[in-house]
Amino acid sequence: MISEKEKYQNILNQLHELNRNIVLNENEKIEQLAERIDNLNNTFEDSSINTNENKFKKYYLSSLILSLINTLILILIIFYINDEKTVDSSTNKTNISESLYSDSFNSGQDVISLNKKGIPIIEENEEFVEMNPIIRKGTKYLCTADSNIYKIPYTVEIKGKLYDDRFKFILQENSITKECIIKKENM
């Protein structure tokens, strides 16, 4: 039979082996946990780098688009200002007054008073046709000497120059000679 000492030694060996297996299993589990933690750390770092890169790309793209829009608006403003300056310089030559019609009449004549608004007189180098059209009663016209819009008091034949957008004629009242215009939309 086995002696007590051998039994004791056998039990001790088995305990040693069990402790060794437990330690090995624990070490394996610790290594697995450390690997998982490292993998999660790497994944988190990668996602934060990607997120930062994506945010940077979005900010960069939006700032680029805003810069392009600002540049486009600036170019349009510059062209508008230059165009406005050329229009202003051409309208400074000669202005006649005109405005919206009101229904008030002056001293029994068919005269309509106006609010004042400048209209440029186009230079004489335009093409025109001299003609004697018959102008109907009530046709509105304006003269360069004053700011009123008048109505032709009766149907009459008038000698004048027909331009693309107006009919220009000379009106003589008493001893006063006026240059007058009938706009195309009033003809």
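Above this text you will find the structure in question.
Residues numbered from 1 in each chain as written. Predicted model: local features only at pLDDT ≥ 70, side-chain atom pairs only at ≥ 80, totals over all residues. Heavy atoms only, no water.

Caption draft 1: Looking closely at the overall build of the protein. The secondary structure content of the protein amounts to one helix and 11 strands. Moving toward the C terminus, one meets the helices and strands of the protein in the order α-β-β-β-β-β-β-β-β-β-β-β. Residue burial in the protein is summarised as follows: out of 187 residues, 18% are buried. Intrachain contacts of the protein at a sequence separation of at least 6 include 50% that bridge at least 24 residues. Carbon and sulfur atoms form 56% of the exposed surface of the protein, whose accessible area is close to 15300 Å². (Helix = DSSP H or I, 4+ residues; strand = E, 2+ residues; numbered from the N terminus. Buried < 20%, exposed > 50% of the residue type's maximum accessible area, 1.4 Å probe, protein only. Contact = heavy atoms within 4.5 Å. Areas by Shrake-Rupley, 256 points an atom, 1.4 Å probe, with all protein chains shown as cover.)

Caption draft 2: Region of interest: the side chain of Lys-168. Counting through the fold element by element, Lys-168 comes out in strand E10 (residues 166-173). For Lys-168, a relative accessible area of 6% puts it in the buried group. Of the polar contacts made by the side chain of Lys-168, one reaches the side chain of Glu-179; its length is 3.3 Å. (Polar contact = N/O pair within 3.5 Å; in protein donor to acceptor, adjacent residues only side chain to side chain.)

Caption draft 3: Representation of the state of the cysteines in the model. Counted by the stated rule, this structure contains one disulfide. Each disulfide pairs two cysteine sulfurs, and for Cys-143 the partner residue is Cys-180, the sulfurs being separated by 2.1 Å. In this structure, the disulfide formed by Cys-143 and Cys-180 twists by about 85° around the S-S bond and is classed as right-handed. Note that Cys-143 is positioned in strand E6 (residues 140-143) and Cys-180 in strand E11 (residues 176-183), a separation of 37 residues in sequence. In this structure Cys-180 comes out as buried when scored by relative accessible area, which is 0%. (Disulfide = S-S within 2.5 Å.)

Caption draft 4: Region of interest: the packing of aromatic side chains. A complete count under the given rule lists five aromatic pairs for this structure. Arranged with centres 6.0 Å apart and planes meeting at 25°, the rings of Phe-167 and Phe-169 form a pair that is stacked. For the pair Phe-167 and Phe-169, one class covers both residues: buried. Counting every residue linked through ring pairs, the aromatic cluster contains Tyr-141, Tyr-150, Phe-167 and Phe-169. (Phe/Tyr/Trp six-rings, centres within 6.5 Å; stacked < 30°, edge-to-face > 60°.)

Caption draft 5: Just the pairing of E11, in detail. In this structure, E6 lies alongside E11, joined through two bridges in antiparallel fashion. For Cys-143, the partnering residue across the bridge sits in E11 and is Cys-180. The pairing of E10 with E11 spans eight bridges and is classified as antiparallel. When the bridges of E11 are listed, Arg-166 appears paired with Lys-183. Between E10 and the antiparallel strand that follows it, E11, lie two residues; Asn-174 among them carries a positive phi value of about 55°. (Pairing = 2+ DSSP bridges.)

Caption draft 6: Here's a closer look at the nonpolar core. With 10 residues, the main nonpolar core is built from Ile-135, Tyr-141, Cys-143, Tyr-150, Ile-152, Ile-158, Phe-167, Phe-169, Cys-180 and Ile-182. Among the secondary structure elements, those contributing two or more residues to this core are E6, E10 and E11. Contact partners of Phe-167, with chain neighbours within four places excluded, come to Met-131, Pro-133, Ile-158, Lys-159, Gly-160, Lys-161, Leu-162, Cys-180, Ile-181, Ile-182 and Met-187. (Core = buried A, V, L, I, M, F, W, Y, C linked by side-chain atoms within 4.5 Å.)

Caption draft 7: Local environment of the pairing of E6. With three bridges joining them, E6 and strand E7 (residues 149-151) adopt antiparallel strand pairing. Residue pairing for E7: Tyr-141 is matched across the bridge by Tyr-150. Between the end of E6 and the start of E7, which pair antiparallel, lie five residues.

Caption draft 8: Highlighting unusual backbone geometry. Phi at Asn-174 is positive, roughly 55°, even though this residue is not glycine. Note that Asn-174 resides in the loop between E10 and E11.

Caption draft 9: Region of the structure containing a negative patch on the surface. On the surface, Glu-28, Glu-31, Glu-35 and Asp-38 cluster together into a negatively charged patch. With respect to the helices, strands and loops of the structure, Glu-28 is situated in helix H1 (residues 4-91). With a relative accessible area of 47%, Glu-28 lands in the partly exposed category. (Patch = residues over 30% accessible without salt bridge, like charges linked within 9 Å, V, L, I, M, F, W, Y side chains within 5 Å. Salt bridge = Lys/Arg side-chain N within 4 Å of Asp/Glu carboxyl O. Lys, Arg positive; Asp, Glu negative; His and termini not counted. Charge placed at Lys NZ, Arg CZ, Asp CG, Glu CD.)

Distances and angles like these do not, on their own, reveal function.
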